[in-house]
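# Remarks on the overall topology
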Amino acid sequence: QVLFVESGGGSVQPGGSLRLSCAASGFSFSVSGMGWYRQAPGKERELVATITSGSSPDYSDSVKGRFTMSRDNARNTVYLQMNSLKPEDTAVYYCNGARHIYPWGQGTQVTVSS
């Protein structure tokens, strides 16, 4: 059974930082590309960052230069360091496979507001 447990969300002011974590289980994590996704109210879920099994990251234009994705294969965990947060980053954040999508976890809420 594939399971994702996201954590680390919260409420911050614009310009603030958060670090999200996602613990994964039930599949071959170390050989899998992974992604961070987000879904804002009334919008479709979007992919914001990916990382290959070899730890090469890539980012959507909306977060490039502000977010950093990393992984720890020993812990089956991916991270998303988010800096210079903007109100438009407000969303529920999820992790999942970068290419193969498994059942979604509960996500973690990020709210950026003054």
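Our subject in this report is the structure included herewith. As the structure is a prediction and not an experimental result, all values here were calculated from the model.

## A short note on the packing of aromatic side chains
Enumeration according to the criterion identifies six aromatic pairs in this entry. Put simply, the rings of Phe4, Phe27, Phe29 and Tyr102 pair up and form one aromatic cluster. The side chain of arginine 45 reaches across the aromatic face of tyrosine 94, ending 4.5 Å from its centre. When the ring centre of phenylalanine 29 is taken as reference, the NZ or CZ atom of arginine 71 above it lies at 4.6 Å.

## Regarding the state of the cysteines
Inspection of the entire model under this criterion finds one disulfide. Residue pairing for cysteine 22: its cysteine sulfur links by disulfide to cysteine 95, the two sulfurs lying 1.7 Å apart. On the criterion of sequence distance, the pair formed by cysteine 22 in strand β3 (residues 18-25) and cysteine 95 in strand β9 (residues 91-97) is long-range, its members being 73 residues apart. Exposure remark for cysteine 22: the relative accessible area of 0% places this residue in the buried category.

## Remarks on unusual backbone geometry
In this structure, serine 55 is a non-glycine residue whose phi angle is positive, near 70 degrees. Relative to the elements of secondary structure, serine 55 occurs in the loop between β5 (46-51) and β6 (57-59). Even without glycine at this site, asparagine 76 takes up a positive phi of about 50 degrees. Tracing the backbone shows asparagine 76 in the loop between β7 (67-72) and β8 (77-82). Owing to a relative accessible area of 25%, asparagine 76 belongs among the partly exposed residues under this scheme.

Calculation rules
Residues numbered from 1 in each chain as written. Predicted model: local features only at pLDDT ≥ 70, side-chain atom pairs only at ≥ 80, totals over all residues. Heavy atoms only, no water. Phe/Tyr/Trp six-rings, centres within 6.5 Å; stacked < 30°, edge-to-face > 60°. Lys NZ or Arg CZ within 6 Å of the ring centre and 35° of its normal. Disulfide = S-S within 2.5 Å. Helix = DSSP H or I, 4+ residues; strand = E, 2+ residues; numbered from the N terminus. Buried < 20%, exposed > 50% of the residue type's maximum accessible area, 1.4 Å probe, protein only.

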